[in-house]
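# What the coordinates show
Each chain, written out:
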Amino acid sequence: MFEARMAQAALLKKVLEAVKDLVTDANWDCTSAGISLQAMDSSHVSLVSLLMRKDGFDMYRCDRPISLGINIASMTKIMKCANNNDAVTLRAEDEGDTVVFTFESADQEKVSEFEMKLMDIDSEHLGIPEREHTATVKMPASEFHGICRDLSTIGETVQVSVTKEGVQFTASGDTGKGTITLRNNSSVDEESQQVVITMQEELSLSFALRYLNFFTKATALADSVTLSMTADLPLVVEYRIEDTGYIRYFLAPKIDDDDDEDNN
Amino acid sequence: MGIHDLSKVIGDNASHAVKETEMKNLFGRKVAIDASMSIYQFLIAVRSEGSNLTNAEGETTSHLSGIFYRTIRMVNNGVKPVYVFDGKPPTLKSGELAKRTERRKEAQSKLEAATEEGVQADMEKFTRRLVKVTPEHNRQCQELLDLMGIPYIVAPCEAEAQCAELVKAGKVFATATEDMDALTFGTSVLLRHMTFSEARKMPIQQFELKKVLEGLDLSQDEFIDLCILLGCDYCDKIGGIGRVRAYSLIKEHHSIEAILEAIKKEKKKYTVPDDWKFAEARELFKNPEVAPAKDIDLKWNIPDVDKLVDFMCNKHGFEEGRIRRGAEKLVKARSTSTQGRLDSFFKVLPGGAPKKRKSSENKAGAKKGKGGKVKGKGRK
């Protein structure tokens, strides 16, 4: 038996919003520690990894590990039926093939119940080692959202360069070129407005803006975002979900094609 | 061609080994293409009003059109193709080749009959059966590939075997062919429908050998024997054994020798060919004649646009504008940086989908014969 209740439907709505453009179906792996989800987009360029620890829930019970194969679009439709302030309960039997969503209005006067069929999803689970990155940039989530949006009007690819001076985002296209530079401002009082850059060495990597724009759908989940980079390795974009866990995105860099001693 | 009914056996017993995908999901992958098979397809498929495309001299150019446009389609999708041509056929194949010549002769005489009677549909049908890839076709395709900057290899023997060697050595990601025997030769990933026309909207089928063996619960050696029983290009098969029987026999006895021993008593039911060369065929699948992958250097070059235009337009009568536009795409794909793939950085953990599989697998087994294509939606 799996059962989890959260006070605000808004959180789950935002989580779905942050996932739905990237993956169509995903397994929600529920264990006694919490709920996690890992899924790659269909072209295997990016990956989303979600963790919601049990502390983040009002009530959480998971007798046996269970993975719920869910079509994200269907779940989004069901979650649309909940008000932001409704309390949500997810429930699934160990051997069942459905998950039940219960929405209770704040004044307890309305209760809605939706049952959704589960799917068998053949997903490949990637082992992602925890690692130290050469450079990390923490900045307001809305700032990063704006940068990605603005630069996608110029080109498809953004080059991210981290230097002592700051972090620079550059895109170029047929119409021209755009550069946005952020400097370290860790002195700002309000923590969520800080830009904090740490680096061991200067680096510069290129990424597809299309995917970054999918990632920034998570902006509503957190005040700030952290980008972690190491040369020739995937970028990690992390949004911390307060009191609950995180949503992390991984994006493979673009590789210059001089000659290919590389990755098949 | 290939292994008789193997795709059905896999569909019945190891449907999770087959995935349907789109070409755009293969970007960044290097793929070895069985050239002879593709050229044959082009000669059959690339036609206008039932006859091959030709240049001013009346020489066929269907194959060139196919190689040119389908390669561009792959390159446009970020796939890096390398073409592998057949070398000399193995001696064991002579029986199969003789049969093919026989069939061609038959088609020839039927064509004559049809022409006489003026049955248009039959005429087309038999003309197609007459199609043969000549050394000249191969030579022209190689010249074209050179100009396009696409690498090719001439295998010492069978192209599928050479492709498998490249895949095994990690030089390329997969073998693209319609011939299922690429799996028998040990290619880890087989792609079908890779060189089909975009207009047909055929999804690409991706077979993974590891999952095939897992699903069939066979070792590679047993799998090879199974393929020989099903019917391959290199020797005859035992009469009276179809795909279901072949699979259950292999499961029970594990090798052809043991099976022969076991069916001795049932002489009437099965006809074992005289002087059956199954051991030789097995050896050919296990240790085919190939050029070692480490000696092969694959290089994708920038196309030589002017020479390409000269070759395609002046010699073979293609329209210059279209060829130039195609060449532009090749140049562009060569100059932009390619998107990396996440699965080349992180390893896939074994045992993809845990638990829960169990119950559904039994169900999948129960509805045998459906040839399950992709995962079904809904658990029941």
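Residues numbered from 1 in each chain as written. Chains lettered and ligands numbered in written order. Predicted model: local features only at pLDDT ≥ 70, side-chain atom pairs only at ≥ 80, totals over all residues. Heavy atoms only, no water.

Selection rule: UniProt positions are given in the numbering used here, feature names are shortened, and annotations may be inferred rather than shown by experiment.
As annotated in an unreviewed UniProt entry, chain B carries the name Flap endonuclease 1 and is attributed to Salpingoeca rosetta. The UniProt entry for chain B carries the following text under Sequence similarities (unreviewed entry): "Belongs to the XPG/RAD2 endonuclease family. FEN1 subfamily."

In the annotation of an unreviewed UniProt entry, the entry for chain A reads DNA sliding clamp PCNA, and the organism field reads Salpingoeca rosetta. Per UniProt, chain A carries the Sequence similarities (unreviewed entry) text "Belongs to the PCNA family."

### Some remarks on the domain arrangement of chain A
Residues and elements named next belong to chain A. Keep this limit in mind: What fixes the domain bounds is an automatic or database domain assignment. Contacts are assigned to residue pairs with any non-hydrogen atoms lying within 4.5 Å of each other. Values labelled buried area give the accessible surface lost by two parts on being combined, using a 1.4 Å probe and summing over both. One side-chain nitrogen of Lys or Arg within 4 Å of one carboxyl oxygen of Asp or Glu is enough to make a salt bridge. Whenever a nitrogen or oxygen atom comes within 3.5 Å of another N or O atom, the pair is scored as a polar contact, on the condition that within protein one atom can donate a hydrogen and the other can accept it, and that pairs from neighbouring residues in sequence are kept only if both atoms are in side chains. Comment: elements are numbered from the N terminus, with helices defined as DSSP H or I runs of at least four residues and strands as E runs of at least two. Three classes are used: nonpolar for Ala, Val, Leu, Ile, Met, Phe, Trp, Tyr, Cys and Pro, charged for Asp, Glu, Lys and Arg, and polar for all others, with Gly counted as polar.
If you check the domain split of chain A, you get domain 1 (2-117) and domain 2 (135-263). Contact residues are listed per partner, giving 21 residues for domain 1 and 18 residues for domain 2. Buried surface at the junction of domain 1 and domain 2, summed over both partners, amounts to about 1700 Å²; 63% is from carbon and sulfur atoms. At the junction of domain 1 and domain 2, the tally comes to one salt bridge. Counting across the interface, domain 1 meets domain 2 through eight residue pairs in polar contact (both at pLDDT 80 or more). Counting only elements with at least two residues in the side of domain 1 that touches domain 2, the list comes to α1 (9-19) and β4 (46-53). If you tally residues by element for the side of domain 1 that touches domain 2, the top one is β4, at eight residues. The residue inventory of the side of domain 1 that touches domain 2, partitioned by class, reads eleven nonpolar, four polar and six charged.

### What about the pattern of salt bridges?
So the rule is basically this: To sort residues, take the accessible area from a 1.4 Å probe on protein chains only and compare it with the maximum for the residue type: under 20% means buried, over 50% means exposed, and anything in between is partly exposed.
Applying the stated rule across the entire model yields 40 salt bridges over all chains. Residue Asp94 of chain A is joined to Arg64 of chain A by a salt bridge in which the shortest nitrogen-to-oxygen separation is 3.6 Å. Within this pair, whereas Asp94 of chain A is found in the loop between β7 (87-92) and β8 (98-104), its partner Arg64 of chain A is found in the loop between β5 (59-62) and β6 (66-71), the two being separated by 30 residues in sequence. When its relative accessible area of 45% is taken as the criterion, Arg64 of chain A is described as partly exposed. Here Arg100 of chain B makes a salt bridge to Asp233 of chain B, at a shortest N to O gap of 3.6 Å. Here the residue Arg100 of chain B occupies a position in helix α4 (residues 94-117), and Asp233 of chain B occupies one in the loop between α10 (220-230) and α11 (243-253), the gap between them amounting to 133 residues. Put simply, Lys93, Glu96, Arg100, Glu158 and Asp233 of chain B are held in one network by salt bridges that share partners.

### Points about the nonpolar core
What counts here: To form a nonpolar core, buried Ala, Val, Leu, Ile, Met, Phe, Trp, Tyr and Cys residues must be joined to one another through side-chain atoms within 4.5 Å.
Ranked by size, the top nonpolar core spans 80 residues in total, and within it Phe2, Trp28 and Phe169 of chain A carry the most contacts. Here this core spans two domains, since at least three of its residues come from each of domain 1 (2-117) and domain 2 (135-263) of chain A. If near-sequence neighbours (up to four positions away) are discounted, Phe2 of chain A is found in contact with Cys30, Ile35, Tyr60, Arg61, Cys62, Ile66, Leu68, Leu90, Arg91 and Ala92 of chain A. Among the nonpolar cores identified, the runner-up in size contains 55 residues, and Leu43, Val82, Ala174 and Val309 of chain B belong to it.

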